[in-house]
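Results of the structural survey
Okay, here's what each chain looks like letter by letter:
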Amino acid sequence: MVRINRVYTRTGDAGTTALGGGQRVPKDSLRIEAYGTVDELNSVIGVAIAAGLHESLREPFHVIQQVLFNLGSDLCILEEDKERLPVPRIEPRHVEQLEQWMDSWNEALEPLTSFILPGGDLAAAQLHVARTVCRRAERIVVTLAREEPIGQHVVPYLNRLSDLLFVAARRQAQLAGIGDILWDSRRY
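The structure contained in this document is the topic of the report that follows. Quantities reported herein were computed from a predicted structural model and do not represent experimental measurements.

1. A closer look at a nonpolar patch on the surface
A surface patch of nonpolar side chains, about 430 Å² in accessible area, is lined by Phe 115, Leu 117, Ile 181 and Trp 183. Along the chain, Ile 181 falls in the segment after helix H5 (154-175).

2. A word on helix H3 (residues 92-107)
Taking 1.5 Å per residue, 16 residues should reach 22 Å; H3 reaches 23 Å between its end C-alpha atoms and fits that length. For H3, the secondary structure elements touched by its buried residues are helix H2 (55-76) and H5.

3. Overview of empty space enclosed by the protein
Inspection of the entire model under this criterion finds 1 cavity of 30 Å³ or more. Each pocket or cavity is described by its volume, and for the largest cavity that value is around 50 Å³. If you go around the largest cavity, the residues you meet are Ile 116, Leu 117, Gly 119, Gly 120, His 128, Ala 169, Arg 170, Ala 173, Gly 179, Asp 180 and Ile 181. Top element by residues in the lining of the largest cavity is H5. It accounts for 3 residues. Residues of the lining of the largest cavity, tallied by class, amount to 5 nonpolar, 4 polar and 2 charged.

4. Details of the state of the cysteines
In this structure the tally under the stated criterion is 0 disulfides. Free of any disulfide, Cys 76 has its nearest neighbouring cysteine sulfur in Cys 134, separated by 18 Å. Residue Cys 76 is classed as buried on the basis of its relative accessible area of 16%. Given a relative accessible area of 0%, Cys 134 falls into the buried group.

5. Things to note about the nonpolar core
In this structure, Leu 41, Phe 61, Ile 64, Leu 75, Tyr 157 and Leu 161 are the most contacted members of the largest nonpolar core, which totals 48 residues. At the level of secondary structure, the elements contributing two or more residues to this core comprise helix H1 (30-50), H2, H3, helix H4 (122-147) and H5. Look past the residues within four positions of Phe 61 in its chain and what remains in contact with it is Ile 45, Ile 49, Leu 53, Trp 105, Leu 127, Leu 164, Leu 165 and Ala 168.

What counts, and at which threshold
- Residues numbered from 1 in each chain as written.
- Predicted model: local features only at pLDDT ≥ 70, side-chain atom pairs only at ≥ 80, totals over all residues.
- Heavy atoms only, no water.
- Patch = residues over 30% accessible without salt bridge, like charges linked within 9 Å, V, L, I, M, F, W, Y side chains within 5 Å.
- Areas by Shrake-Rupley, 256 points an atom, 1.4 Å probe, with all protein chains shown as cover.
- Salt bridge = Lys/Arg side-chain N within 4 Å of Asp/Glu carboxyl O.
- Helix = DSSP H or I, 4+ residues; strand = E, 2+ residues; numbered from the N terminus.
- Expected span 1.5 Å × (residues − 1).
- Contact = heavy atoms within 4.5 Å.
- 1 Å grid on protein atoms, 1.4 Å probe; cavity = no way out; pocket = protein on both sides within 12 Å on 5 of 7 lines; lining within 4 Å.
- Points joined across faces, edges and corners; volume = space filled by probe spheres on them.
- Nonpolar A, V, L, I, M, F, W, Y, C, P; charged D, E, K, R; others polar.
- Disulfide = S-S within 2.5 Å.
- Buried < 20%, exposed > 50% of the residue type's maximum accessible area, 1.4 Å probe, protein only.
- Core = buried A, V, L, I, M, F, W, Y, C linked by side-chain atoms within 4.5 Å.

In C-alpha coordinates, the structure reads:
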(Lines give C-alpha, C1' and ligand atoms only; values in the text may rest on other atoms or scores of the structure.)
Protein backbone atom coordinates (compact mmCIF):
# COMPACT_ATOMS: atom_id res chain seq x y z
CA MET A 1 0.00 0.00 0.00
CA VAL A 2 0.98 3.59 -0.54
CA ARG A 3 1.76 5.68 2.49
CA ILE A 4 1.63 9.44 2.01
CA ASN A 5 2.69 11.55 4.95
CA ARG A 6 3.14 14.77 3.03
CA VAL A 7 1.67 15.82 -0.31
CA TYR A 8 4.43 18.18 -1.39
CA THR A 9 8.00 17.01 -1.89
CA ARG A 10 9.53 19.84 -3.95
CA THR A 11 11.21 17.18 -6.13
CA GLY A 12 9.09 18.21 -9.12
CA ASP A 13 9.92 21.89 -8.99
CA ALA A 14 12.38 21.54 -11.88
CA GLY A 15 9.74 20.03 -14.18
CA THR A 16 10.44 16.33 -13.62
CA THR A 17 8.59 13.64 -11.76
CA ALA A 18 9.36 10.08 -10.69
CA LEU A 19 7.88 6.98 -12.26
CA GLY A 20 6.90 4.16 -9.94
CA GLY A 21 10.32 2.57 -10.49
CA GLY A 22 12.11 5.74 -9.41
CA GLN A 23 13.23 7.00 -12.84
CA ARG A 24 12.99 10.79 -13.24
CA VAL A 25 11.18 11.90 -16.38
CA PRO A 26 9.89 15.25 -17.69
CA LYS A 27 6.40 16.03 -16.46
CA ASP A 28 5.25 16.41 -20.06
CA SER A 29 6.51 12.97 -21.14
CA LEU A 30 4.05 10.77 -22.99
CA ARG A 31 3.89 8.23 -20.15
CA ILE A 32 3.01 10.94 -17.62
CA GLU A 33 0.45 12.36 -20.06
CA ALA A 34 -1.06 8.87 -20.39
CA TYR A 35 -1.57 8.11 -16.74
CA GLY A 36 -2.40 11.73 -15.99
CA THR A 37 -5.27 11.50 -18.46
CA VAL A 38 -6.39 8.25 -16.81
CA ASP A 39 -6.41 10.16 -13.51
CA GLU A 40 -8.51 12.88 -15.15
CA LEU A 41 -10.90 10.19 -16.40
CA ASN A 42 -11.25 8.79 -12.89
CA SER A 43 -12.08 12.28 -11.58
CA VAL A 44 -14.70 12.83 -14.29
CA ILE A 45 -16.30 9.49 -13.37
CA GLY A 46 -16.33 10.65 -9.74
CA VAL A 47 -18.25 13.75 -10.81
CA ALA A 48 -20.78 11.55 -12.65
CA ILE A 49 -21.32 9.52 -9.49
CA ALA A 50 -21.68 12.68 -7.39
CA ALA A 51 -24.06 14.19 -9.97
CA GLY A 52 -26.71 11.61 -9.13
CA LEU A 53 -25.76 8.44 -10.97
CA HIS A 54 -28.59 5.92 -10.59
CA GLU A 55 -28.10 3.57 -7.66
CA SER A 56 -27.99 0.51 -9.96
CA LEU A 57 -24.94 1.96 -11.76
CA ARG A 58 -22.99 3.20 -8.75
CA GLU A 59 -21.31 0.00 -7.57
CA PRO A 60 -19.94 -0.88 -11.03
CA PHE A 61 -18.53 2.63 -11.33
CA HIS A 62 -16.91 2.41 -7.90
CA VAL A 63 -15.22 -0.79 -9.14
CA ILE A 64 -14.19 0.96 -12.36
CA GLN A 65 -12.59 3.76 -10.33
CA GLN A 66 -10.56 1.19 -8.38
CA VAL A 67 -9.49 -0.57 -11.58
CA LEU A 68 -8.46 2.77 -13.12
CA PHE A 69 -5.98 3.10 -10.25
CA ASN A 70 -4.66 -0.34 -11.24
CA LEU A 71 -4.37 0.94 -14.80
CA GLY A 72 -2.45 3.99 -13.58
CA SER A 73 -0.03 1.77 -11.68
CA ASP A 74 0.30 -0.44 -14.77
CA LEU A 75 1.38 2.65 -16.71
CA CYS A 76 3.61 4.28 -14.08
CA ILE A 77 5.91 1.25 -13.79
CA LEU A 78 8.05 0.43 -16.82
CA GLU A 79 7.54 -3.09 -18.14
CA GLU A 80 11.17 -4.04 -17.36
CA ASP A 81 10.59 -3.07 -13.70
CA LYS A 82 7.41 -5.08 -13.15
CA GLU A 83 9.16 -8.29 -12.06
CA ARG A 84 11.00 -6.55 -9.24
CA LEU A 85 8.09 -4.21 -8.46
CA PRO A 86 4.88 -6.24 -8.50
CA VAL A 87 2.00 -3.81 -8.94
CA PRO A 88 -1.66 -4.15 -9.77
CA ARG A 89 -2.14 -4.53 -13.51
CA ILE A 90 -4.99 -4.69 -15.94
CA GLU A 91 -5.94 -8.31 -16.56
CA PRO A 92 -8.34 -10.00 -18.99
CA ARG A 93 -10.89 -10.33 -16.17
CA HIS A 94 -11.12 -6.54 -15.95
CA VAL A 95 -11.99 -6.26 -19.65
CA GLU A 96 -14.48 -9.14 -19.36
CA GLN A 97 -16.23 -7.47 -16.41
CA LEU A 98 -16.80 -4.33 -18.51
CA GLU A 99 -18.32 -6.46 -21.26
CA GLN A 100 -20.66 -8.18 -18.79
CA TRP A 101 -21.93 -4.89 -17.38
CA MET A 102 -22.29 -3.43 -20.87
CA ASP A 103 -24.27 -6.43 -22.13
CA SER A 104 -26.57 -6.27 -19.11
CA TRP A 105 -27.31 -2.56 -19.47
CA ASN A 106 -27.66 -2.76 -23.24
CA GLU A 107 -30.42 -5.37 -22.93
CA ALA A 108 -32.66 -2.73 -21.33
CA LEU A 109 -32.04 -0.17 -24.10
CA GLU A 110 -33.77 0.30 -27.43
CA PRO A 111 -31.58 -0.33 -30.49
CA LEU A 112 -30.10 2.86 -31.86
CA THR A 113 -31.62 4.31 -35.03
CA SER A 114 -29.42 7.40 -35.09
CA PHE A 115 -26.41 8.93 -33.43
CA ILE A 116 -27.28 10.45 -30.09
CA LEU A 117 -26.38 13.83 -28.67
CA PRO A 118 -24.52 13.94 -25.38
CA GLY A 119 -27.00 14.94 -22.71
CA GLY A 120 -29.76 13.46 -20.65
CA ASP A 121 -29.61 14.36 -17.00
CA LEU A 122 -26.46 15.75 -15.37
CA ALA A 123 -25.05 12.29 -14.56
CA ALA A 124 -25.64 11.01 -18.11
CA ALA A 125 -24.04 14.12 -19.59
CA GLN A 126 -21.06 13.66 -17.27
CA LEU A 127 -20.71 10.05 -18.45
CA HIS A 128 -20.52 11.38 -22.01
CA VAL A 129 -17.71 13.70 -20.88
CA ALA A 130 -16.01 10.69 -19.27
CA ARG A 131 -16.37 8.81 -22.57
CA THR A 132 -14.54 11.53 -24.47
CA VAL A 133 -11.78 11.74 -21.85
CA CYS A 134 -11.47 7.95 -22.03
CA ARG A 135 -11.08 8.09 -25.81
CA ARG A 136 -8.35 10.71 -25.39
CA ALA A 137 -6.60 8.53 -22.81
CA GLU A 138 -6.80 5.61 -25.22
CA ARG A 139 -5.27 7.66 -28.05
CA ILE A 140 -2.40 8.80 -25.82
CA VAL A 141 -1.77 5.25 -24.59
CA VAL A 142 -1.78 3.91 -28.17
CA THR A 143 0.84 6.52 -29.06
CA LEU A 144 2.88 5.55 -25.98
CA ALA A 145 2.64 1.85 -26.92
CA ARG A 146 4.23 2.61 -30.29
CA GLU A 147 7.25 4.08 -28.50
CA GLU A 148 7.71 1.76 -25.52
CA PRO A 149 6.19 -1.40 -24.07
CA ILE A 150 3.09 -1.17 -21.89
CA GLY A 151 0.81 -3.73 -20.24
CA GLN A 152 -0.93 -5.79 -22.91
CA HIS A 153 -4.45 -5.28 -21.51
CA VAL A 154 -4.32 -1.50 -20.99
CA VAL A 155 -5.50 -0.51 -24.48
CA PRO A 156 -8.29 -3.14 -24.61
CA TYR A 157 -9.51 -1.97 -21.20
CA LEU A 158 -9.68 1.69 -22.24
CA ASN A 159 -11.30 0.74 -25.55
CA ARG A 160 -13.97 -1.29 -23.81
CA LEU A 161 -14.43 1.32 -21.08
CA SER A 162 -15.23 4.05 -23.60
CA ASP A 163 -17.90 1.76 -25.09
CA LEU A 164 -19.26 1.06 -21.62
CA LEU A 165 -19.41 4.78 -20.84
CA PHE A 166 -21.56 5.30 -23.94
CA VAL A 167 -23.94 2.51 -22.94
CA ALA A 168 -23.99 3.69 -19.31
CA ALA A 169 -24.83 7.25 -20.37
CA ARG A 170 -27.77 5.93 -22.38
CA ARG A 171 -28.89 3.74 -19.48
CA GLN A 172 -28.59 6.63 -17.02
CA ALA A 173 -30.69 8.87 -19.27
CA GLN A 174 -33.27 6.09 -19.57
CA LEU A 175 -33.39 5.54 -15.80
CA ALA A 176 -33.78 9.29 -15.30
CA GLY A 177 -36.85 9.19 -17.57
CA ILE A 178 -35.24 11.28 -20.30
CA GLY A 179 -33.99 8.75 -22.82
CA ASP A 180 -31.81 9.35 -25.85
CA ILE A 181 -31.61 12.68 -27.61
CA LEU A 182 -31.29 11.67 -31.24
CA TRP A 183 -29.26 13.53 -33.84
CA ASP A 184 -31.58 14.96 -36.48
CA SER A 185 -29.37 15.20 -39.55
CA ARG A 186 -32.11 16.60 -41.79
CA ARG A 187 -33.65 19.32 -39.64
CA TYR A 188 -30.57 21.34 -38.77
